[in-house]
Every structure is written in structure tokens, then in C-alpha cells.
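Given next are the chains, with one letter for each unit.
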Amino acid sequence: MEESEVNSMRTKRQGLIVWFQHMKNIKQLKRYGHLIAISRQSKYAVIYVDQDDVEDKVTKLESLPFISKVEPSFKPFIRQEFESKTAVKDKEYEYKMGI
């Protein structure tokens, strides 16, 4: 398969950070998305859901009595293309040369 075919087959996902009060209710979070990580000390969990369902899942999770707060992750909206260091050095050289 080509890379474009693979990317078109993937579903757009977004992370939700769910702050809770007690560890005993963690199993219930699995119903709402793919549970990725849990912090026992800070009492939060990270779950992934489809981007189309984010608003619906946030309202459902916030209505649960053991949930303190739900925050969506902004990773899908951040530009992740970076310049290399060599390109920056080349630009500095060009500026010094007057090009």
C-alpha cells in the first residue's frame, strides 16, 4: 500500500485528559474510548476517541459523578513540521553574503 492510502484509512483521533476523584472508577472510562495512560498520583487518565465524537464524549464524561474535569488535547491542531538546523545555518550564511 502507498502512504496516501494508509493515511486515508486511518481515523482521526484526539486525546482527552480526564481528571477523576477515585481510582476505583477507571474501568468505566474504557467504555468511552481507548484508555492509554493513567496517573495514580495526579489522578488523571488519557483516552483517545474519534475526532468526530469529541464534543459528545466530553459532555458524557463530565456528567459522570466521579469525574472532576475533562480537557481535550490540542495535538491534532498543532503544526508538526519542523525545519532542520542546517537549513537555518544556510539562511544565516545567505544573509551574510547578501543573497
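For the structure, check the block above.
Nothing here was measured: the structure is a model prediction, and the numbers come from that model.

(A) Structural detail: the overall build of the protein. Broken down by element type, the protein carries four helices and four strands. Helices (α) and strands (β) of the protein occur, in sequence order from the N terminus, as α-β-α-β-β-α-β-α. Buried residues in the protein amount to 22% of all 99 residues. The contacts in the protein between residues at least 6 apart in sequence include a share of 66% that link residues at least 24 apart. Only carbon and sulfur atoms are counted for the fraction: they give 50% of the accessible area of the protein, which is about 8200 Å².

(B) Seen up close, helix H3 (residues 54-62). Val54, Lys57, Val58 and Leu61 are the residues of H3 that are buried. When H3 is viewed along its axis, its buried side chains cluster within an angular range of 100 degrees and face the same direction. Where H3 is buried, its residues meet strand S1 (13-20), helix H2 (26-29), strand S3 (44-50) and strand S4 (67-72).

(C) Highlighting the nonpolar core. Formed by 16 residues in total, the largest nonpolar core has its most connected members in Leu16, Val18, Leu29, Ile47, Leu61, Ile67 and Val70. Of all elements in the fold, only S1, H2, S3, H3 and S4 reach the threshold of two or more residues within this core. Beyond its immediate sequence surroundings of up to four residues, Leu16 is in contact with Ala45, Val46, Ile47, Val49, Val54, Lys57, Val58, Leu61, Val70, Glu71 and Pro72.

(D) Layout of the packing of aromatic side chains. If you walk through the whole model with that rule in mind, you get one aromatic pair. Taking the centre distance of 5.1 Å and the plane angle of 50 degrees together, the rings of Trp19 and Tyr44 count as tilted. On the criterion of sequence distance, the pair formed by Trp19 in strand S1 and Tyr44 in strand S3 is long-range, its members being 25 residues apart. Taking the relative accessible area as the measure of exposure, Trp19 reaches 26% and is therefore partly exposed. Note on Tyr44: relative accessible area 27%, which makes it partly exposed.

(E) Layout of the environment of Val46. Position of Val46 relative to the elements: it lies in strand S3. Assessed through its relative accessible area of 19%, Val46 is described here as buried. Sequence-wise, Val46 and Leu35 are eleven residues apart; in three dimensions their C-alpha atoms are separated by 6.2 Å. Discounting residues that sit within four places of it in the chain, Val46 has contacts with Leu16, Ile17, His34, Leu35, Ile36 and Ala37.

Cut-offs applied
Residues numbered from 1 in each chain as written. Predicted model: local features only at pLDDT ≥ 70, side-chain atom pairs only at ≥ 80, totals over all residues. Heavy atoms only, no water. Helix = DSSP H or I, 4+ residues; strand = E, 2+ residues; numbered from the N terminus. Buried < 20%, exposed > 50% of the residue type's maximum accessible area, 1.4 Å probe, protein only. Contact = heavy atoms within 4.5 Å. Areas by Shrake-Rupley, 256 points an atom, 1.4 Å probe, with all protein chains shown as cover. Arc of directions from axis to C-beta. Core = buried A, V, L, I, M, F, W, Y, C linked by side-chain atoms within 4.5 Å. Phe/Tyr/Trp six-rings, centres within 6.5 Å; stacked < 30°, edge-to-face > 60°.

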